[in-house]
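Observations on chain architecture
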Amino acid sequence: MRVEGDGLGERRLYAGRLSIRRRHLFALGLATGAGLVLGSRRLVSAQTAVADPEPDPEAEEGEERGTVTVGTPAPGQGSLTVYSGQHPEFTETIAAAFAEATGIAIQIRTAEDPELANQIIAEGASSPADVFIAANSPALMRLSEQGLLAPVSAEILSQVPARYNPPAGDWVGVAARATVLVYAPSLLPETALPKSLLDLAKPEWQGKVGIAPAESDFLPVVTAVIELEGEDVARAWAEGLARNATIYLGNTPILRAVEAGQLATGVINHYYWFRMAAEVGEAEMRSKLHYFGHKDPGALVNVSGAGVLTSSPYPELAQQFLAFLVSEPGQEALVNSNTFEYPLRSDVAPAPGLKPLAELDPPDLGPGDLGDNQQAIELLLDVGLL
Ligand SMILES: [Fe+2]
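Below is a short write-up of the structure. (Residues numbered from 1 in each chain as written. Predicted model: local features only at pLDDT ≥ 70, side-chain atom pairs only at ≥ 80, totals over all residues.)

1. Some remarks on the overall build of the protein chain
Note the following rule: Secondary structure elements are taken from DSSP: a helix is a run of H or I of four residues or more, a strand is a run of E of two residues or more, and numbering for both begins at the N terminus. Neighbour counting defines burial: a residue surrounded by 20 or more other C-beta atoms within 10 Å of its own C-beta is buried, one with 12 or fewer is exposed, and intermediate counts give partly exposed, using backbone-placed C-beta atoms. Whether two residues are in contact is decided by their C-beta atoms, placed from the backbone, lying within 7 Å.
Helix and strand counts for the protein chain come out as 15 helices and 12 strands. Of all 386 residues assigned to the protein chain, the portion counted as buried reaches 52%. Looking at the protein chain alone, contacts between residues at least 24 apart form 79% of all its contacts between residues at least 6 apart.

So, in structure tokens, the structure goes:
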């Protein structure tokens, strides 16, 4: 296993491994009192130079993190506070469309999924958040397990296919994101592409694959392997990956390395490639995407969703916002945000150029099967990938 930087220098990776590891676990939602799954023995004995002091958030470089207000709060008119783990332009574009349609201003706090879930749990009944938008379902499932999410009406849930909603019906799916393998044709001919994500654990892939194991995008893929193949196969796969993989801070550094011909393949979400292609022009892209399909764990489709907090003093406004997220105008705004995620409504077309959602042939795993990332984190810690 090798550890790569993000272009900002390697120093962050190797300085103070223990404190990095603590911060890393914190970011994953593990080092918070009741949420701590591991004893201190493991915390202090771990020597894996994997941890990322600032795991790559959905908010990538150049994107604003922090709090922004969308719309103008009007006297006597309500406003909402949204905590969002999504890319800022995703949330802000949709919030702007909502504010324009309703006159309701929205305060958006952007950070990573686990950080926001931790914050909501810590804030409890006094949380200022009315709505939580998670980039990936596990953070919402964690809040659901804690009883912090209010039921969503059947009318809202029925706007998107049921498989994208949680079993408890306490949040709603908003967007889909496909797991893909990005590869450099200059280093790897198409005929040599792996048939399955599981192949990447084989010896011939040593040094040829990049992963971002701390990403909230990657952890559900690990859960998918556990769910589909069982714990023993998943452990052997993770051990192989620990031997073979180069560790990156996030999807974008993986994509950049493949683009630069420094790395043969990497596991990322589809939209990072399309966003870069939109920036530089598709003809300039040297990397290509490989879709595993065939219900392979590497073809996992993750769901981004939104829920209303039980603590919200504005439950009706908050539910109105959820209804907008899955409405035709809301899903159109999602497509217009140029984040290249898939809308979930069948009557709203995704951005041109995306492989149709219906052709991805993902494994049949919904948010309920993928759970809260806990099993995946424990496995990756065990094999030294976290
Ligand atoms: Fe992402």
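2. Focus: the pairing of strand E11 (residues 301-308)
This is how it is decided: Pairing between strands requires that DSSP locate at least two bridges from one strand to the other.
Summarising burial for E11: 8 of the 8 residues are buried, a large majority. Along E11, one buried face is formed by Val301, Val303, Gly305 and Gly307 and the opposite face, lined by Asn302, Ser304, Ala306 and Val308, is buried too. Direction of pairing for strand E5 (residues 131-134) relative to E11: antiparallel, over a ladder of 4 bridges. Among the inter-strand pairings, Val131 is bridged to a residue of E11, identified as Val308. Pairing of strand E6 (residues 172-183) with E11, which is carried by 6 bridges, proceeds in the antiparallel orientation. Bridge pairing in E11 places Arg177 opposite Asn302.

3. So, the environment of Ile120
Counting through the fold element by element, Ile120 comes out in helix H5 (residues 113-123). According to the C-beta neighbour criterion, Ile120 is buried, with 23 such atoms within 10 Å. Each C-alpha atom, one on Ile120 and one on Tyr83, is 8.8 Å from the other, the two residues being 37 residues apart in sequence. Not counting the four nearest positions on each side in its chain, Ile120 is found in contact with Tyr83, Ser127, Ala129, Phe132, Leu143, Leu148 and Leu309.

4. Section: the nonpolar core
Nonpolar side chains tend to gather and get buried jointly when the protein is soluble and globular. Convention followed: What makes a nonpolar core is a set of buried Ala, Val, Leu, Ile, Met, Phe, Trp, Tyr and Cys residues, with links drawn between C-beta atoms within 7 Å.
With 113 residues, the main nonpolar core has Val131, Phe132, Val172, Val222, Ala238, Leu322 and Leu380 as its most contacted residues. Considering each element in turn, this core owes the most residues, 9 residues, to E6. Contacts of Ala238, omitting those with residues within four sequence positions, involve Val222, Leu379, Leu380, Val383 and Leu385.

5. Quick word on unusual backbone geometry
A positive phi angle, close to 65°, is found at Phe340, a residue other than glycine. Along the chain, Phe340 turns up in the loop between helix H13 (328-336) and strand E12 (342-343). Judged by C-beta crowding, with 23 C-beta atoms within 10 Å, Phe340 ranks as buried. Residue Asp361 is not a glycine yet carries a positive backbone phi of 50°. Relative to the helices and strands, Asp361 resides in the loop between E12 and helix H14 (367-370).

6. Remarks on H5
Of all the residues in H5, the buried ones are Asp113, Pro114, Leu116, Ala117, Asn118 and Ile120. At the C-terminal side of H5, Gly124 shows a positive phi close to 55°.

7. A look at the environment of Phe274
Relative to the elements of secondary structure, Phe274 occurs in helix H11 (residues 270-280). Between the C-alpha atom of Phe274 and that of Asn338, which follows or precedes it by 64 residues, the distance is 9.1 Å. Among residues more than four places away in sequence, those in contact with Phe274 are Phe340, Gly353 and Leu354.

8. Concerning the packing of helix H8 (residues 219-229) against helix H9 (residues 231-244)
The line we're drawing: Where helices are involved, their axes are fitted lines through C-alpha atoms of the stretch in contact, as for all axes, and angles between N-to-C directions lie from 0 to 180°. Orientation categories follow fixed angle ranges, with anything under 35 degrees roughly parallel, anything over 145 roughly antiparallel, 65 to 115 roughly perpendicular, and all other angles oblique.
Close contact between H8 and H9 brings their axes to 7 Å; oriented N to C, the two are set at 140°. Judged by the angle between their axes, H8 and H9 are oblique. Only Glu231, Val233, Ala234, Trp237 and Ala238 of H9 make contact with H8, whose side of the interface consists of Val222, Val225, Ile226 and Glu229.

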